[in-house]
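# Architecture at a glance
Each chain, written out:
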Amino acid sequence: MKYQNTIEYTQIPEKDAPLSLLLEADPSKKHIRSYLPGSWCFAAIDTNHIKGICVANRVDTFIAEIFNISISPEKQKQGIGTKLLEFSLLELTSKGIHRVELGTGTFGYQLTFYQRHGFRVEAVIRDYFLNNYDQPIFENDLQHKDMLRLYIELNS
């Protein structure tokens, strides 16, 4: 008989956030070390293994920023990222957050993912990936250069 695993969505201590998973979404250990301390870490856990992570932190009284959201490659395209983002937004709302912001590339599946969930473009930061990462970041043979700043207003 085949048993289907169920994913648990919960908040975990920042020290338990797996660096290998965070690096899936952000290739810079330096950047991860800069935003991880004091952050809220929301996780998708499958049979005691963290398969997804969302790292957010308060940047103003009612504003939080999502700095990283990543799903293990073997668990992608199964709806876990959607459920993790929805769980994270609900948790942020319960913490008094009214607006969530984030930065992402100007193309690719991440942009589509966020827009599908109601995030809107607020600004473009030219040359962000060129100026802030030691190594070029490529996706589908295109180099990420500029960052889009996105936001969503939460119902509180």
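This text goes with the structure placed above it.
Presented here is a report on the structure given in the accompanying data block.

Criteria and cut-off values
Residues numbered from 1 in each chain as written. Predicted model: local features only at pLDDT ≥ 70, side-chain atom pairs only at ≥ 80, totals over all residues. Heavy atoms only, no water. Helix = DSSP H or I, 4+ residues; strand = E, 2+ residues; numbered from the N terminus. Rg over C-alpha atoms; globule rule 2.2 N^0.38 Å. Buried < 20%, exposed > 50% of the residue type's maximum accessible area, 1.4 Å probe, protein only. Contact = heavy atoms within 4.5 Å. Expected span 1.5 Å × (residues − 1). Phe/Tyr/Trp six-rings, centres within 6.5 Å; stacked < 30°, edge-to-face > 60°. Arc of directions from axis to C-beta.

Along its length, the protein chain carries five helices and nine strands. For 156 residues, the compact-globule formula gives about 15 Å, and the C-alpha radius of gyration of the protein chain, at 15 Å, lands near that figure. Viewed in the frame of its principal axes, the protein chain has a C-alpha envelope of about 50 × 35 × 30 Å. Residue burial in the protein chain is summarised as follows: out of 156 residues, 43% are buried. For the protein chain, the share of sequence-separated contacts (at least 6 apart) that also reach a separation of at least 24 residues comes to 65%.

As a further point, take helix 3 (residues 80-94). The terminal C-alpha atoms of helix 3, which comprises 15 residues, lie 21 Å apart, in line with the 21 Å expected from a rise of 1.5 Å per residue. Among the residues of helix 3, those classed as buried are I80, G81, L84, L85, F87, S88, L89 and L92. Once helix 3 ends, the next one or two residues include G96, with phi positive near 90 degrees.

Here the focus is the side chain of E101. Along the polypeptide, E101 turns up in strand 5 (residues 99-105). By relative accessible area, E101 is classed as buried at 15%.

A few words now on the packing of aromatic side chains. Given two aromatic rings, their pairing is described by the distance between the two centres and the angle made by the two planes. Throughout the structure, instances matching the rule amount to eight aromatic pairs. Seen from their ring centres, Y35 and F67 are 5.2 Å apart, and the 15 degrees between their planes marks the pair as stacked. One end of the pair, Y35, is in helix 2 (residues 29-35); the other, F67, is in strand 4 (residues 63-71), and 32 residues separate them in sequence. Accessibility expressed as a relative area gives 8% for Y35, which makes it buried. For F67, a relative accessible area of 29% puts it in the partly exposed group. Ring-pair connections join several aromatic residues into one group, and the members of that group are Y9, F42 and F87.

Before going further, it helps to spend a moment on helix 4 (residues 109-116). Here helix 4 has its buried residues at L111, F113 and Y114. Along the axis of helix 4, the buried residues cluster in a sector spanning 160 degrees; they form a single face. Facing away from the buried side of helix 4, by more than 90 degrees, are the exposed residues Y109 and R116. Summarising the contacts, the buried residues of helix 4 are in contact with strand 4, helix 3, strand 5 and strand 9 (147-153). A positive backbone phi angle near 100 degrees is found at G118, which sits one or two residues after helix 4.

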